[in-house]
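Now for the letters of each chain:
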Amino acid sequence: MGAGGQASGYEIDQSIRFNDDDAAYLYRDNDAAQTDTKKFTYSVWIKRGAITGGTNTGLLSGGSGTTSGRSDFIFTAGSATGDSSNNDSLKFDIYTGGWTQIRADAKLRDPSAWYHIVLVYDAANGTANDTLIMYVNNTRLTLDSTSGVPNNLSLVNANGQRTRVGADASGTPVEYDGYMAEINMIDGQALTPASFGETNTSGVWVPKAYSGSYGNNGFFIDGRDSSDLGDDESGNGNDFTSTGLVAADQMLDSPTNNFSIFSPIASCNVSGQALTISDGNLRTSAGGTTNAIEAVTQIAPTAGKYYAEFTLNAAPQLSNQYPAIGIIGIDLNITGGNNLNNSSFFGYLPNGNKAKGGTVSSYGDTYTNGDIIGIAMDLDNQKIWFSKNGTYQDSGDPAAGSDAAFTDLVAGTQYRFCVSHAGSTATDVTGNFGASAFNTAAPTGFKALSSANLPTPTIADPSKHFQTTLYNGTGSELEVDQSGENSTFQPDFAWIKNRSNAGNEHELYDAVRGATKAIFSSATSAESTQAQGLKSFDGDGFTVGTRGEVNTSGSTNVAWQWLANNTTGSTNDDGSVDSTVAVNTTAGFSICKFNPGGNSNVTFGHGLGVAPRLVLVKNLEDATNWQMLHLDQGVGNKLFLNTNGLPASDANMWQNTAPTSTVVSVGTSQTTNEQNIAYVFAEVEGFSKIRSYVANASTDGPFVYCGFRPAFVMFISIAGSGAGRWMLDTARNPFNVADDILQANSNAAESSGSSYNLDFLSNGFKVRTASDFNASGRTIAFVAFAEHPFGGDGIAPVTAR
């Protein structure tokens with residue numbers, strides 16, 4: 001299986017799984033002098049297993065195993081004073097008679113993809129802040145201090161000292177949990193990430209082969225020999241001894257082909273029921289109440305044919321209905337109870353029955369401890385088959401497409417493999433999604449569930465269609481370029497907000513109405529001409545004049561930009577009234593100008609060719625509210641962008657009619673003979689997601705699967721209580737936790753804090769606040785746009801955030 005998308009064509013064939021329950025790590029007692037006691041570079045690709053929060057986990061260490069002298073590169077459990085705010089960030093601990101602790105600012109708690117981590121020690125550098133440098137995915141991290149770094153830090157590869165990979169240097173090692181690949185130690189050189197990786201044509205950071213020298217105590221471990229996972233491939237012969245590792249810990253999961261696991265942040269926990277995910281997030285067990293609890297995969301495709309296997313490690317429970325093994329739709333909010341009743345669950349039960357949406361019927365053989373259940377899932381033809389120990393039940397034949405267990409999967413639904421647990425004692429299952437050899441070969445036409453086997457996304461480089469740009473105001477005419485992105489484009493819609501100064505409205509400009517024509521998402525005001533606002537749309541951004549709202553001297557500003565088709569629009573006559581439309585069908589976005597002409601109910605054409613899920617409409621001539629239709633609010637309700645209210649019943653605003661592939665219906669609330677502008681958005685797999693979730697009022701909030709790494713998310717409360725229209729992006733928050741908030745309905749300056757905590761992840765986002773967009777009783781609608789797709793055939797898998 002080729003990874004695709006690699007800039008240099010370099011592919012990594014395997015990784016090493018470190019399961020901390022097995023006390024797994026590699027070690028070597030150095031027996032040669034270092035090339036340089038003041039310089040080294042350590043590069044490693046990791047995919048985290050357990051997101052430990054309050055527990056230190058070791059990545060690399062050197063020392064005697066006592067506090068007489070040691071150096072530990074770890075994921076930290078917090079500061080020396082017990083402050084948990086540093087949980088899951090990188091830290092370098094040095095003990096030379098006293099502790100020096102150096103922490104990075106980013107929280108690395110995405111278990112769904114791979115990180116590239118580079119640690120550089122350069123005591124010979126004359127700049128104090130460059131003595132110790134940490135990079136993640138080619139971006140340098142901010143460290144809390146480097147002033148205390150000793151000038152002779154050499155324990156990680158010093159003569160006579162023990163070097164550990166995957167553990168710290170304590171007497172009882174604290175081990176890392178997860179996967180490692182391409183482990184490079186360069187003794188005597190201070191290098192940059194460019195020696196080990198590169199940016200491909202889609203803007204993704206990908207591995208490349210290191211071609212330099214290693215120095216005396218350098219090494220390269222890639223795990224290619226399953227019988228000797230610590231074998232040094234650098235040519236130095238600096239082999240490592242393994243403890244707690246076996247041949248089965250060589251995995252196909254790698255930075256160039258990311259295989260599915262059970263997600264430790266997406267699975268549903270219910271009160272009184274503890275779910276455990278271990279063994280590289282491939283084993284799931286639970287035992288407690290009779291409430292069912294799900295372990296689900298972190299990849300949820302909508303198309304393709306996939307095969308997976310599940311091995312029972314314990315006897316079934318609760319009259320042999322659990323563990324129920326199958327698939328479940330992504331959009332369900334699982335809250336506990338009998339999950340066999342969920343309408344998008346399709347499963348095979350230990351008592352031999354099959355279950356779908358509360359309907360249980362006879363099917364095949366019973367299964368128990370030691371049996372292996374295979375699932376062949378065909379999302380192209382909406383079918384699923386189950387096997388026991390290699391025999392498909394009820395005469396099923398996935399390769400021929402015949403005698404499926406179910407033939408009514410819902411087309412377009414994102415399905416996850418699922419193990420549903422219940423019982424007073426543990427049910428225990430190991431999943432295999434292809435990172436190890438299957439017990440029985442996958443049926444012809446079916447593939448392992450990995451990033452390389454997903455369908456090719458429509459948009460490989462989202463920065464060609466959407467970008468967030470930050471700029472500082474000068475007070476003079478300013479050309480704002482998209483210089484920090486992989487690609488550039490001439491925007492047709494620019495949404496600009498002054499971040500630092502309160503009282504400045506959100507200003508929106510588009511190419512259909514023309515430059516200098518401003519409307520304001522945070523106000524009811526009619527369109528106004530601002531000669532010194534956005535003056536022109538340029539080939540790689542836009543130009544602003546001296547208007548304070550978009551260019552106050554010394555201000556910080558953000559601009560969200562979308563591509564339509566670089567025209568002022570053309571006539572669309574699909575609706576009952578004509579519209580002027582500029583449309584980007586690839587990205588699912590159009591700008592539509594229309595006049596209802598005084599008619600009581602009208603439709604206008606949007607040009608997308610598919611039904612949109614989000615529509616924003618503003619009367620350009622009167623001071624009126626912004627009409628907003630997010631499909632999850634219901635077409636029989638009205639909702640406004642510029643207020644913080646909830647949807648209210650109104651069958652007239654949208655004619656109680658959902659948008660179609662050609663038109664949007666506007667009702668009697670929009671009948672004036674005046675010009676209107678509409679911004680219309682449809683979902684595009686791998687680029688945009690326009691859905692909703694149910695809040696749980698916990699800092700361990702919902703995980704929302706998007707199928708891409710988001711660049712921007714806006715949240716809208718649509719049930720429970722009124723709230724803001726919160727906007728976050730990765731330009732203002734390049735590392736997690738993201739908490740810099742602007743609100744589309746407010747002219748307030750940017751604010752931040754724990755009430756807005758969000759993790760942007762490789763495949764979606766994780767809510768980390770118990771309030772605002774996760775407050776009790778709320779349902780939250782959202783719209784998200786991609787930074788990169790998660791993966792796909794011919795597409796490099798995105799790195800973790």
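Worth saying up front: this structure is predicted, and the values here are computed from it rather than measured.

Bringing the packing of aromatic side chains into the picture now. Scanning all chains against the criterion turns up 48 aromatic pairs. With centroids separated by 5.3 Å and ring planes inclined at 85°, the aromatic side chains of phenylalanine 262 and phenylalanine 433 adopt a geometry described as edge-to-face. Of this pair, phenylalanine 262 sits in the loop between β17 (250-251) and β18 (273-278) while phenylalanine 433 sits in the loop between β30 (427-432) and β31 (466-472), and the two are 171 residues apart along the sequence. Phenylalanine 433 sits in the buried class, given a relative accessible area of 1%. Grouping aromatic residues by their ring pairs yields a cluster made of Phe466, Phe493, Trp495, Trp560, Trp562, Phe589, Trp626, Tyr679, Phe681, Phe687, Phe712 and Phe785.

The next point concerns empty space enclosed by the protein. In total, this model carries three cavities of 30 Å³ or more according to the counting rule given. Counted as a void, the largest cavity has a volume near 70 Å³. Those elements that provide at least two residues to the lining of the largest cavity are β33 (493-498), β44 (614-619), β52 (708-719) and β58 (779-789). Partitioned by chemical class, the residues of the lining of the largest cavity number 10 nonpolar, no polar and no charged. Of the voids in this model, the second largest cavity is the one considered here, and its volume is about 40 Å³. Looking at the second largest cavity, the residues that line it are Tyr10, Ile12, Ser43, Trp45, Glu182, Asn184, Phe196, Pro207, Lys208 and Tyr210. Across the lining of the second largest cavity, the residue classes tally to six nonpolar, two polar and two charged.

Note on placement: tyrosine 42 falls in strand β3 (residues 39-48). Under the relative-accessibility criterion, tyrosine 42 is labelled buried at 0%. Spatially, the C-alpha atom of tyrosine 42 lies 43 Å from that of asparagine 551, the residues being 509 residues apart in sequence. In this structure tyrosine 42 touches Leu59, Leu60, Phe73, Ile117, Val118, Leu119, Val165, Ile183, Asn184 and Met185, once residues within four positions along its chain are discounted.

Per-residue pLDDT for the protein chain has a mean of 92; in total, 93% of the residues score no lower than 70. In this model residues 332-337 is a low-confidence stretch, pLDDT under 50, and it forms 14 contacts with partners more than four residues away in sequence or in other chains.

What follows concerns the environment of alanine 796. For alanine 796, the location among the structural elements is in the segment after β58. With relative accessibility at 2%, the residue alanine 796 sits in the buried group. Measuring from C-alpha to C-alpha, the distance between alanine 796 and asparagine 200 comes to 8.3 Å, with 596 residues separating the pair along the chain.

If a probe the size of a water molecule is rolled over the atoms, the empty space left behind becomes visible. The volume enclosed by the second largest pocket comes to roughly 900 Å³. Put simply, the parts of the chain that give the lining of the second largest pocket at least two residues each are β31, β52 and β58. Ranked by the residues each element gives to the lining of the second largest pocket, the list is headed by β31, at five residues. Taken together, the residues of the lining of the second largest pocket break down into 12 nonpolar, 17 polar and six charged.

The next point concerns the pairing of β3. Counting buried positions along β3 yields nine of 10 residues, so the element is predominantly enclosed. Relative to strand β8 (residues 115-122), β3 runs antiparallel, the two sharing eight bridges. Among the inter-strand pairings, tyrosine 42 is bridged to a residue of β8, identified as leucine 119. Where β3 and strand β12 (residues 178-187) come together, eight bridges link them in antiparallel fashion. Within β12, the position partnered with threonine 41 by the bridge is isoleucine 186.

The next thing to look at is the sheet that holds strand β54 (residues 740-743). Across the sheet, six strands lie side by side as β50-β58-β52-β53-β54-β55; this open sheet has antiparallel pairing. In the strand order of this sheet, the two ends are held by β50 (688-694) and β55 (751-752), each with one partner. Sheet topology places β50 next to β58; seven bridges connect them, and they run antiparallel. Across the sheet, serine 688 pairs through a bridge with phenylalanine 785, a residue of β58.

Attention now goes to the pairing of strand β48 (residues 663-666). Residues of β48 alternate between two faces, with Val663 and Ser665 on one and Val664 and Val666 on the opposite face, all of them buried. Pairing geometry for strand β43 (residues 602-605) and β48, over four bridges, is antiparallel. The residue bridging glycine 605 from the neighbouring strand is valine 663, located in β48.

In this section: the sheet that holds strand β22 (residues 324-329). If you trace the six strands from one edge of the open sheet to the other, you get β20-β29-β22-β23-β24-β25, paired in antiparallel fashion. Strands at the two margins of the open sheet, each flanked by one partner only, are β20 (293-296) and β25 (359-362). Each adjacent strand pair in this sheet contributes to an overall mean axis angle of 25°, direction not counted.

In this section: the environment of phenylalanine 406. Summarising the element assignment, phenylalanine 406 is placed in the loop between β28 (391-392) and β29 (415-421). Spatially, the C-alpha atom of phenylalanine 406 lies 9.5 Å from that of alanine 355, the residues being 51 residues apart in sequence. In contact with phenylalanine 406, other than residues within four places in its own chain, are Phe346, Gly347, Lys354, Ala355, Lys356, Gln382, Lys383, Ile384 and Phe386.

A word on the pattern of salt bridges. On inspection of all chains with the given rule, the structure shows 30 salt bridges. In this structure, arginine 140 engages aspartate 130 in a salt bridge whose closest nitrogen and oxygen atoms are separated by 2.8 Å. Within this pair, whereas arginine 140 is found in strand β10 (residues 139-140), its partner aspartate 130 is found in the loop between β8 and β9 (132-136), the two being separated by 10 residues in sequence. Beyond isolated ion pairs, a larger network of salt bridges with shared partners links Arg499, Asp729, Arg732 and Glu750.

Rules behind the numbers
Starting afresh in each chain, residues are numbered from 1 along the sequence in its written order. Reporting in this predicted model follows two pLDDT cut-offs: at least 70 for local features of residues, and 80 or more for side-chain atom pairs to be given and counted; totals over whole chains, interfaces and linings ignore these cut-offs and use all residues. Side-chain measures here rest on the full set of heavy atoms in the structure, leaving out hydrogens and waters. Stacked, tilted and edge-to-face are the three classes assigned to paired rings of Phe, Tyr and Trp, where Trp is represented by its six-membered ring and a pair needs centres within 6.5 Å; plane angles under 30 degrees give stacked, over 60 edge-to-face, the rest tilted. Only runs of H or I of at least four residues qualify as helices and only runs of E of at least two qualify as strands under DSSP, and these elements are numbered from the N terminus. Note on classification: 1.4 Å probe, protein chains only; a residue is buried when its accessible area is under 20% of the maximum for its type, exposed when over 50%, partly exposed between these limits. Cavity means a closed set of points on a 1 Å grid over the protein atoms alone, one where a 1.4 Å probe fits but cannot get out, pocket means an open set with protein on both sides within 12 Å along at least 5 of 7 lines, and lining means a residue has an atom within 4 Å of a point. Grid points are joined across faces, edges and corners, and a volume is the space filled by probe spheres set on the points. When residues are sorted by character, Ala, Val, Leu, Ile, Met, Phe, Trp, Tyr, Cys and Pro go into the nonpolar class, Asp, Glu, Lys and Arg into the charged class, and all the rest, Gly among them, into the polar class. Any two residues having at least one pair of non-hydrogen atoms within 4.5 Å are treated as being in contact. As a per-residue quantity, pLDDT reports the predictor's confidence and falls between 0 and 100. The rule for pairing is simple: two strands pair if DSSP sees at least two bridges between them. What counts as an axis is a line fitted to C-alpha atoms, over the stretch in contact for a helix, and the angles between N-to-C directions run from 0 to 180 degrees. A pairing counts as a salt bridge when a side-chain nitrogen of Lys or Arg comes within 4 Å of a carboxyl oxygen of Asp or Glu.

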